[in-house]
4 protein chains.
Amino acid sequence: MTPVEELVAAPVAAPPFDIVRAAYVELRVTDLERSAAFYADALGMLVTERDGDAIYLRGWEERQHHSLVLRQGPAPAAGAVGFRVRGEDDLDALAAEFSSRGCVVRWSPDRIGLGRVLQAWDPFGFPLEFVHALEPRESQLQRFDLHRGAPILRLDHFNLHSPDVEATFGFWRELGFRCTEYIATDGDDDRLTGAWLTRKPTVHDLALTAGRGPRLHHIGVWVGEPAGVLRACDQLAASGRVGAIERGPGRHGVSNAFFVYLRDPDGHRIELYSCDYYTGDPDHPPLRWSVSDPRCRSFWGTRAPDSWYDESSPVLDAGGAPAETSDAGVDERRARTEVLA
Amino acid sequence: MTPVEELVAAPVAAPPFDIVRAAYVELRVTDLERSAAFYADALGMLVTERDGDAIYLRGWEERQHHSLVLRQGPAPAAGAVGFRVRGEDDLDALAAEFSSRGCVVRWSPDRIGLGRVLQAWDPFGFPLEFVHALEPRESQLQRFDLHRGAPILRLDHFNLHSPDVEATFGFWRELGFRCTEYIATDGDDDRLTGAWLTRKPTVHDLALTAGRGPRLHHIGVWVGEPAGVLRACDQLAASGRVGAIERGPGRHGVSNAFFVYLRDPDGHRIELYSCDYYTGDPDHPPLRWSVSDPRCRSFWGTRAPDSWYDESSPVLDAGGAPAETSDAGVDERRARTEVLA
Amino acid sequence: MTPVEELVAAPVAAPPFDIVRAAYVELRVTDLERSAAFYADALGMLVTERDGDAIYLRGWEERQHHSLVLRQGPAPAAGAVGFRVRGEDDLDALAAEFSSRGCVVRWSPDRIGLGRVLQAWDPFGFPLEFVHALEPRESQLQRFDLHRGAPILRLDHFNLHSPDVEATFGFWRELGFRCTEYIATDGDDDRLTGAWLTRKPTVHDLALTAGRGPRLHHIGVWVGEPAGVLRACDQLAASGRVGAIERGPGRHGVSNAFFVYLRDPDGHRIELYSCDYYTGDPDHPPLRWSVSDPRCRSFWGTRAPDSWYDESSPVLDAGGAPAETSDAGVDERRARTEVLA
Amino acid sequence: MTPVEELVAAPVAAPPFDIVRAAYVELRVTDLERSAAFYADALGMLVTERDGDAIYLRGWEERQHHSLVLRQGPAPAAGAVGFRVRGEDDLDALAAEFSSRGCVVRWSPDRIGLGRVLQAWDPFGFPLEFVHALEPRESQLQRFDLHRGAPILRLDHFNLHSPDVEATFGFWRELGFRCTEYIATDGDDDRLTGAWLTRKPTVHDLALTAGRGPRLHHIGVWVGEPAGVLRACDQLAASGRVGAIERGPGRHGVSNAFFVYLRDPDGHRIELYSCDYYTGDPDHPPLRWSVSDPRCRSFWGTRAPDSWYDESSPVLDAGGAPAETSDAGVDERRARTEVLA
C-alpha cells in the first residue's frame, strides 16, 4: 500500500457524536429577486417561506422547512454548509470537539425553520453548522402535477475546494466520515487530490477537491433520473439562461453520477446529480482512481472548462468577511487532470 | 395467399387527390370548462383561441391554429375527423369522389383557423372533413420552459370502430391510404379484424378496428418518448384524475407504440402514443398479426379492460344527431382477442 | 391517534445487535437450467459461481459474492431470506435473542461466499438468516458495455405474506426496524394491513402484507430508472416470456416505486423496483395510507390481478419441509383493496 | 426579405424523378475487422452479410439488406452516399439530369443487396448513388432481446461539407429537396452557412454546412430516445473507446436533435440522432437561425471542439482517388459560430 492508500484505508474514527447527513446551505446573493427567479422559477424548487432578506427553499421530496437559504448580501458568498446530527446531545459533543481544537464556536438559537444551531469554523476556515431539530414540512414527492424543472428532489452533498486535501481529509475522518472514492497521483508523487466522504450511505455528503480554498466548489442536489438533468438544461436554455450551463451534462467516473453543473446569477455552482449507489456496508471499500485516468472525472472524456477548476464561492469568516484563501500546495497539474492528461 | 392477404397486398389506388395526413378533430363536450381543465391544465395542451362555445388547442410542435376543437354540445360526440390535403384542387376532386358515391357533401367556408372545409359522410356513416389551408401558428417545440404534461407534441391518428372492417378498409384504400399493419383471424375463418392505414410515413393516420360503429374509438397524439407517457400518468393521478387512465401504460405489438389510453370527462378516448417507425418506402410491406397472438395488442400480455373494447364516442350524422350504429358482423371473439385468447 | 397509529408511532427498539440490510435470498427451483436461463439470460443478472446444484448470482453494482442463490429442489420454495449484520458479535446477540424467544436457531459455517451464518425461524415460521462476512467481488456498475436487461443493480428488499401483520410488525420493530409507510383500515375497524420496514435508509428492507402465511410474496431488486423496467418488459416479451409479466409496469403510491412484478419459471415473484426515496433521518415520520385510497398500491388506479394477492412462495420449516400456512385473521376485503374499492 | 430568405423561400422544383430518402452509405476503412468491432460490437448494428472485403450492416428497424457498407481500402474515404428513388424509371430520369449537367454518370448493375445503381458525381464533386430496388430483410424492431447499443434503428441523413453552401443548396433544390431549417449571417453580409434539406418528412435527408469540401461531414443514424444516446456513450467509454466520443451528448437548436457525435476508427463521423419532428406539410416554413445565436448549433451553449468544424471524410472522385477539396469562400468566422460568438 502506498501512503495515500494507507491514509484512506485507516479505520474511521468513532467520535462521541453522530452526524447524519448534509442538510442545508446558505448562499449570500446580491439580488434576491433575481436569485429567486433562478432557483424557484427556472429550477423549480419549492419556496417554503420568505422574510425580508431571505428566501427558504427545499426539494420536492424533503420533509424539512428548507435545505437552501438565499440571503441578500453585499457580495456573493457561501454562508455556511449545514449538517444534521442525530440528537441534541450531539451538538454539545461537537461544540466540545471544535473548542478543543481551538476553533471558533457559536450558538445560533433562533433560526427560521431550525432548532438550536451550532456554528463552527473548522481548522481550514470552512464555516460549518450543525443542527438536530428541523421544522417539518410535508413531502411533495408525489405531487407530480406540481413538480417543475428536473425536478430537484433533495440536497445531496457539498463539494469544498481545499488547498490541502490530505489534511482536510484527516479532519473529516475524525468527525466520522467514511471515504467511498478518491483520486490519487501515480508513482512516487503519491498525493490525494480528491476525496468523497459520507455519513449517509450514498457516495458522499462532502467532497474535497484540490484548489484554492477555503471555498465552496458546489452544492449537489439529487435528481431522480438522467432525463431530469436533460430536461433542466432544455428549460434553462429555452428561458434564456443558456449561460447558466457550465459543464455537462455528462457522466462522472467518480461516483457514477449523471450530472450537469450550473452557475446561479451570482456564480454559485449547483450540480444536478443522479445515479449514485449504495455505500452503507461497514466494510465498503474506497474506490481508487488514478489522476491520469481520463474517465475519472469525465467518463466520456469530455473536457471540463477552466472555470470549473478555477472558480468557487468564497466563504465567510467568523467576522462575516470573505475568508482569506490560499493555493499553497495545490499542484495545478494534479487538480486539472482532464486538461493536461 | 389467403383472401385477406390478397386484399391487403392489392395495389393502393392512385386517386386524383392527395390527402397529406390526419389534421384535426372536433369533440362535442357537455361542460366546456371541465374539458378545458382536462386538455389544457391536466394534459397541458396549448390553447390557441377560445370563442363562446369552443376552445381551439394544439400540440407544442404544431404549426397550425389547432388540431383539437372542444365544442359545447348537448351530449358527448365526435363532430368530425379532419384531414389535410395538398392543395385546394384536391378538395374539389374529393367532393366529386364523395358525390359520385352518393355521400352527403357540404362546404363549410368560415371555420376559425381553417380555410375552405369539405364535409362528407362516408358510406359507413363516419363524418369526415378535408381542408387545405391551415392558419399558421409558430411551433413551440423548443419552449421547453413552457411545456407541460407529457408534453403532447402533435396529433398523430384516428381510430374508428367499424362493424365491417373489410369494407371500410377497401374504401380507405381507394382514397389512397396504404396499409402498414393488420390483424387477421387464423385458419378457414379468414377475416380482417383490424387495419392500420396511412398517408404520412408513420404507422397510421387512421386505424380501423372491429366493433359497433360508426364510432370514434380514439384519437392518438404523439409524445416524444415513453418517459412522457409515464409523466402524464403521474400527473393525472396526482391531480385527482386517476379515473382518467383506462389502459396502460404499455407496449402495443401492432405499431410498436408505447401508449396509455385516457378517457376525458365526457368519455372521449385519447391515446398518448410514442415509438412508431418509418413506413414511407413505396414497397413497405404490411405486417400481419394473428388475432391469436397474445402480443398483438399487448406486447407484454396485459389484459385490456372491457371498456376499451366496448366503449367509443358516437359520431354525428348529417343532421347533427348521433349516427345510428350497428354491430352486425362484429364477431366479439375476434375483436377482443386478449380476453379470450 | 388510533391504536394502529400508536403502534406505528411507538419508539423503535434499540436491541444489542445491528442489522444493516437485506442481503441475499435462496430460492429452491425445480429445473436449475431453466431458472438460470431466466435470471441470467433473460433478466441479465451476473453469475458469480455455479456448483453442482446451485447457481450464485448478483446485481451489477453489488460488491458481494451473491445476493441470489438458485438451488435445485423437489418443489418451489423460498429457502431463507438473509440479512447482513454490522459485526460478528451481532450474530451471537441475535442467536441469543431468537433462543430466548424459543425459536429454532442453528449455525451454518461453510456456505459458499458467506462467513458464519445464523439460521433462525421466527415466531411466525419465516426462515431467516443473518451473516456478517460476505466474500467480496468487484462492482460491475460501470461495465455498461456488459450490462444486460434492466439492468438489475442490487437486491433491495423482501416482502412477506403474513396472516397477522400487527404481530409480525411488532416482532420486527423489536429487531430494530423502522416503519416508513403503512396501510391501515379506516374507521372503527382500525387494523394494520401492510407495513414497510427498514434498516438501511430507503423505504424498506422488509415489507409485511396481509395474506396466507408464512410465505414469501416477492423479492425486490433495484433498477436505476423507470426506463430499465420498461426495457426488461420488452426483452422478456421479445424472448417469448410474455407470461412472466404478472403486474405492471406501474407506480405504487406506497414507496413511490415504479415497478413491474415478474414470475420466474417456478412462480417465485420478482419485483423490478425503482424511484424510492431517502428515509434515514432519526425522526422520519411513517406515512399512513388508507386501505380505501385507490392510489395506495396502484397510483394510476390499475387493478392488480388476483394472482398477485393470492399466490406466494412457500417457505421451508426447520425440517426442510414446506411450512404450514394459515390465513386466520386475514380479511380478504382489506388485503385486496383495489379489487373491491 | 433578404436575398438568402428569398433563396430559401423560392418554390422547390418538381423534377421528373422522385427521390424518396437517404438510403445507404459506403465507407472505406483501413482495417475491416477493427471497423466491424466498432459498428457491430460497440455500436451494436446488425450485420446482414460479409464478403471478402466488405461488411454490410443495418439498423434494427430497417427492412433492407443494408444501410452501411464498410469496405477495406487503402485510406479512409466516403465511397458514396446513396438515395432511394420511387421507381426504376426515376433512375433513368436522374441519369439524364446528371448527364445534361455534364456530370460523370455510371451504372453499377451487380451490387450486393441492391438492384440497378446509378452513380453520379455532382457538380461539386460529391459521389452520389441512386437505387430503387433494395433486397428486403425482416425488421428486427421488436427483437428487444437482441438489441445492443443505443440501439441504432435506421439511417437518417447525410451531412456534407461544402465550400459554397449557396450553390450546393440551389443544386439540391433542383433535385426536389425542401429546406426545413437554415443558418444565415446577419446584417449586410447576408450568406447561407448551413441548410437542412429533405425529401422524407423529417428535418433532413441531407445537410449542407460551410467548410472545406467536397467532404462528408457525418452520417446521422436514428435512435429512439435520448436515453439511447446516453447508453451508447456509457458503453463506448466502458469498452475502452472513450476517444470515439467527439462532441456531446447535447441538444441542437437546429433540428431539435438530442445528439452525440462519434468518430469511428478511421475518423469517419457518426451522429446518433433523436428527437426531430414532422415536416411533411406542403407549406412547411423553413426555420431561420442567425449564425450569432449561441443556441443554434448548441442549444445549451456548449462549445464544440475544433475537430468537429475542421475534420471530415474525404470523398472519392470518379477515378477512385480522393477528390480535390477547396475552402475558397468558406468564411471561418461564420462556419464556427460557437467558438467566436
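Residues numbered from 1 in each chain as written. Chains lettered and ligands numbered in written order. Predicted model: local features only at pLDDT ≥ 70, side-chain atom pairs only at ≥ 80, totals over all residues. Heavy atoms only, no water.

(A) Just the overall build of chain A, in detail. Within chain A one finds 8 helices and 18 strands. Expected size for 341 residues packed as a compact globule is a radius of gyration near 20 Å; at 19 Å, chain A falls within 12% of this value. A principal-axis box enclosing the C-alpha atoms of chain A has dimensions of 55 × 45 × 40 Å. Taking all 341 residues of chain A together, the buried fraction comes to 65%. Nonlocal contacts in chain A, meaning residues at least 24 apart in sequence, comprise 69% of its contacts between residues at least 6 apart. Surface accessibility of chain A: about 11,200 Å² in total, with carbon and sulfur atoms responsible for 51%. (Helix = DSSP H or I, 4+ residues; strand = E, 2+ residues; numbered from the N terminus. Rg over C-alpha atoms; globule rule 2.2 N^0.38 Å. Buried < 20%, exposed > 50% of the residue type's maximum accessible area, 1.4 Å probe, protein only. Contact = heavy atoms within 4.5 Å. Areas by Shrake-Rupley, 256 points an atom, 1.4 Å probe, with all protein chains shown as cover.)

(B) Here's a closer look at the pattern of salt bridges. Summed over all chains, the structure comprises 112 salt bridges over all chains. With a shortest N-O distance of 3.5 Å, Asp266 of chain C and Arg34 of chain C are connected by a salt bridge. Highlighted residues: Asp266 of chain C in the loop between strand S15 (258-263) and strand S16 (269-274) and Arg34 of chain C in helix H2 (residues 32-42), separated in sequence by 232 residues. For Asp266 of chain C, a relative accessible area of 13% puts it in the buried group. One network of salt bridges, in which partners are shared, links Arg21 and Arg84 of chain A together with Asp281 and Asp283 of chain C. (Salt bridge = Lys/Arg side-chain N within 4 Å of Asp/Glu carboxyl O.)

(C) Looking closely at the interface of chain C and chain A. Contacts between the two partners involve 30 residues from chain C, matched on the other side by 30 residues from chain A. Regarding the contact of chain C and chain A, the summed buried area is about 2,600 Å², with carbon and sulfur atoms giving 52% of it. The interface formed by chain C and chain A holds 6 salt bridges in total. Between Arg21 of chain A and Asp281 of chain C there is a salt bridge whose closest N-O contact spans 2.7 Å. Scanning the region where chain C abuts chain A turns up 12 residue pairs in polar contact (both at pLDDT 80 or more). Its residues placed into classes, the side of chain C that touches chain A shows 12 nonpolar, 7 polar and 11 charged. (Buried area = accessible area lost by both parts, 1.4 Å probe. Polar contact = N/O pair within 3.5 Å; in protein donor to acceptor, adjacent residues only side chain to side chain. Nonpolar A, V, L, I, M, F, W, Y, C, P; charged D, E, K, R; others polar.)

(D) Representation of the state of the cysteines. One pass over the full model with this rule turns up 0 disulfides over all chains. The thiol of Cys179 of chain A is not disulfide-bonded; the next cysteine sulfur, from Cys296 of chain A, is found 13 Å away. Free cysteine Cys233 of chain D: the closest other cysteine sulfur is in Cys275 of chain A, separated by 13 Å. Of the residues examined, Cys233 of chain D reaches a relative accessible area of 0% and is grouped as buried. (Disulfide = S-S within 2.5 Å.)

(E) Just the relation of the copies chain C and chain A, in detail. For these two chains of identical sequence, chain C goes onto chain A by a turn of 180° and a shift of 0.0 Å along the axis, with RMSD 0.0 Å. Classification of the inter-copy transformation places it as that of a two-fold axis. For chain C, the smallest separation between a C-alpha atom and the rotation axis is recorded for Glu225 of chain C, amounting to 3.1 Å. In this assembly, 100% of the residues forming the interface of chain C have copies in chain A that are likewise at the interface, indicating an isologous arrangement. (Least-squares fit on C-alpha atoms with pLDDT ≥ 70 in both.)

(F) Seen up close, the pairing of strand S13 (residues 215-223) of chain A. Residues and elements named next belong to chain A. With respect to burial, S13 is a largely interior element, 9 of its 9 residues being buried. The pairing of strand S9 (residues 152-162) with S13 spans 8 bridges and is antiparallel. Residue pairing in the sheet places Ile152 in a bridge with Val223 of S13. Where S13 and strand S18 (residues 313-314) come together, 2 bridges link them in antiparallel fashion. Within S18, the position partnered with Arg215 by the bridge is Pro314. With 4 bridges connecting them, S13 and strand S16 (residues 269-274) associate as parallel partners. Note that in S16 the partner of Gly220 across the bridge is Glu271. (Pairing = 2+ DSSP bridges.)

(G) Just the interface of chain B and chain D, in detail. Between chain B and chain D, the residue contacts involve 30 residues of the former and 30 residues of the latter. When the area that chain B buries against chain D is broken down by residue, the three leading residues are Arg63, Gln142 and Tyr278 of chain B, summing to 24%. Across the chain B-chain D interface, the total number found is 6 salt bridges. A salt bridge links Asp283 of chain B to Arg84 of chain D; its shortest N-O distance comes to 2.7 Å. Tallied by class, residues from the side of chain B that touches chain D come to 12 nonpolar, 7 polar and 11 charged.

(H) Summary view of the sheet that holds strand S4 (residues 68-72) of chain C. All names here are of chain C. Read from one edge to the other, the open sheet built from 8 strands follows the order S2-S3-S4-S1-S5-S8-S7-S6, with strand pairing classed as mixed. Sheet topology places strand S2 (46-51) and strand S6 (105-108) at the edges, where each strand pairs with a single neighbour. Averaged over all pairs of adjacent strands, the angle between their axes in this sheet comes to 25°, without regard to strand direction. With respect to the sheet, H2 is in contact with strand S1 (19-29), S2, strand S3 (54-58) and S4, its orientation differing from that of S4 by roughly 160°. (Axes fitted to C-alpha atoms, helices over the stretch in contact; angles between N-to-C directions.)

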